[in-house]
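What follows is the residue order along each chain.
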Amino acid sequence: MMKLVNDPCGIFCILFTYSSIIYADYVVIQWVVLHTMQDSLWAPFHIVLFNTFLLLLTVSHLRAMFSDPGTVPLSHTNVSLSDLRQVNEPLVKREDWTMCTRCEAYRPPRAHHCRICKRCIRRMDHHCPWINNCVGEKNQKYFVQFLFFVCIISAYTIMLVIMSWVRECRQCKMYDMDTRQTQVLHSVILIMESALFGMFVIAILYDQMDAIYNDQTTIEQTVYKRPNPLHRYLFSVICRWPKISRSTSKLNIRSV
């Protein structure tokens, strides 16, 4: 189990993420489902299904946040590189191991140093502030699950809001004007939040699936100068991976 990374940006993103989740759950239950479907059997169905997706999203996010992304262990003794090559890595060419000048650890191929976690990560894809952790060899599957459930919930939320606008609600006519305006305001904010999160996460999910399909991490795609489409540019602005890749590419110095 990893400890929480002491990164102000990451901690803010986590608080913002869970604040958005709690707000979405409140609006969907209070102002969308119960407000427009309170006499229908669809109300408990949508509440249970929506909160099931939220539970799955939360579990996958927590696992991505607290799982070890593949941290390369530090050597606390004077172990030589030749000795370290003889253990734990039977499937790779041990002569391809390098030494990180930042954390002074011997690292296997495709491992990179994260300037925020201050450790080398196996098959590091990028450091994501939204999980306040690196996305690497051991937690990428949880990160992809988190992205998938965010996409599902964003689409589901937009569908519920549109249904509440289109579906005739007899009880809604009984509410006063202030209540109606509050319901519309919450619905508009929620649909904007879902659309923005949904579009952003779809771009990242596509990038992750592309990286998995091509067996290249985001850092490796930058080093090999693959085409940089619009979604990857937006991804770079928010997840800051170019800064990491530029710093780590300079550290890829072989130890003789």
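In this text, all values refer to a predicted model and were calculated from it rather than measured experimentally.

Conventions we followed
- Residues numbered from 1 in each chain as written.
- Predicted model: local features only at pLDDT ≥ 70, side-chain atom pairs only at ≥ 80, totals over all residues.
- Heavy atoms only, no water.
- Helix = DSSP H or I, 4+ residues; strand = E, 2+ residues; numbered from the N terminus.
- Buried < 20%, exposed > 50% of the residue type's maximum accessible area, 1.4 Å probe, protein only.
- Contact = heavy atoms within 4.5 Å.
- Areas by Shrake-Rupley, 256 points an atom, 1.4 Å probe, with all protein chains shown as cover.
- Phe/Tyr/Trp six-rings, centres within 6.5 Å; stacked < 30°, edge-to-face > 60°.
- UniProt positions renumbered as here; feature names shortened; annotations may be inferred.
- Expected span 1.5 Å × (residues − 1).
- Pairing = 2+ DSSP bridges.
- Core = buried A, V, L, I, M, F, W, Y, C linked by side-chain atoms within 4.5 Å.
- 1 Å grid on protein atoms, 1.4 Å probe; cavity = no way out; pocket = protein on both sides within 12 Å on 5 of 7 lines; lining within 4 Å.
- Points joined across faces, edges and corners; volume = space filled by probe spheres on them.

**Student:** So, the overall build of the protein chain: which residues are in play, and what are the values?
**Tutor:** When helices and strands are counted, the protein chain shows 8 helices and 6 strands. When the helices and strands of the protein chain are read in sequence order from the N terminus, they spell out α-α-α-β-β-β-β-β-β-α-α-α-α-α. In the protein chain, which comprises 256 residues, the proportion classed as buried is 47%. Taking the intrachain contacts of the protein chain between residues at least 6 apart in sequence as the baseline, contacts between residues at least 24 apart amount to 69%. When the accessible area of the protein chain is evaluated, it comes to approximately 14300 Å², of which 63% is carbon and sulfur surface.

**Student:** Mind laying out the packing of aromatic side chains, listing which residues take part and the relevant values?
**Tutor:** Tallied over the full model, the rule gives 9 aromatic pairs. On the numbers, 6.3 Å between centres and 20 degrees between planes, the contact of F12 with F16 is stacked. Of the two residues, F12 and F16 both sit in helix α1 (residues 8-36), 4 residues apart, roughly one turn of that helix. Note on F16: relative accessible area 38%, which makes it partly exposed. Each ring, one from W42 and one from F45, has its centre 5.4 Å from the other, and the planes form 80 degrees; the classification is edge-to-face. Placement of both W42 and F45 in helix α2 (residues 42-66) is noted, with a separation of 3 residues, approximately one turn of the helix. Grouping aromatic residues by their ring pairs yields a cluster made of F12, F16, W130, F197 and F200.

**Student:** An account of the UniProt feature "transmembrane region" (unreviewed entry) in the protein chain is needed here, citing residue identities and associated values.
**Tutor:** The residues that UniProt annotates with the feature "transmembrane region" (unreviewed entry) are residues 12-34, 40-59, 146-166 and 186-206. Between the end C-alpha atoms of residues 146-166 the distance is 30 Å, and the span holds 100% helix and 0% strand.

**Student:** I'd like a description of α2, backed by residues and values.
**Tutor:** With 25 residues, α2 should reach 36 Å at 1.5 Å per residue; the first-to-last C-alpha distance of 36 Å fits that figure. Of the positions making up α2, those classed as buried are A43, H46, F50, L54, L57, S60, H61, A64 and M65. Structurally, α2 contributes buried residues whose contacts are with α1, β6 (133-135) and α4 (140-166).

**Student:** If you had to explain the pairing of strand β3 (residues 111-114) to someone new, which residues and values would you point to?
**Tutor:** Here β3 shows no split at all, with A111 and H113 on one side and H112 and C114 on the other all buried. As paired strands, β3 and strand β4 (residues 119-122) are joined by 4 bridges and run antiparallel to one another. Pairing of H112 across the sheet is with I121, part of β4.

**Student:** Explain the nonpolar core residue by residue, including any values.
**Tutor:** Judged by nonpolar contacts, the single largest core of 38 residues is most densely connected at F50, L57, I131, F143 and L147. Listing elements by their share of this core, those giving two or more residues are α1, α2, α4 and α5 (177-214). Every residue in contact with L57, bar those within four places of it in the chain, is listed here: I21, F146, F149, V150 and I153. Counting 8 residues, the second largest nonpolar core, distinct from the first, contains C114, I116, I121 and C134.

**Student:** Describe in detail the environment of A155, supporting the description with residues and values.
**Tutor:** Along the chain, A155 turns up in helix α4. Of the residues examined, A155 reaches a relative accessible area of 47% and is grouped as partly exposed. Placed 40 residues apart in sequence, A155 and A195 show a C-alpha to C-alpha distance of 8.0 Å.

**Student:** Give me empty space enclosed by the protein: which residues, what numbers.
**Tutor:** If you walk through the whole model with that rule in mind, you get 1 cavity of 30 Å³ or more. In this structure, the largest cavity spans a volume of roughly 280 Å³. What lines the largest cavity is a set of 21 residues, among which T17, I21, L57, V150 and F197 lie closest to the centre. Of all the elements in the fold, those that place two or more residues in the lining of the largest cavity are α1, α2, α4 and α5. When residues of the lining of the largest cavity are assigned to their parent elements, the largest contribution, 7 residues, is made by α4.

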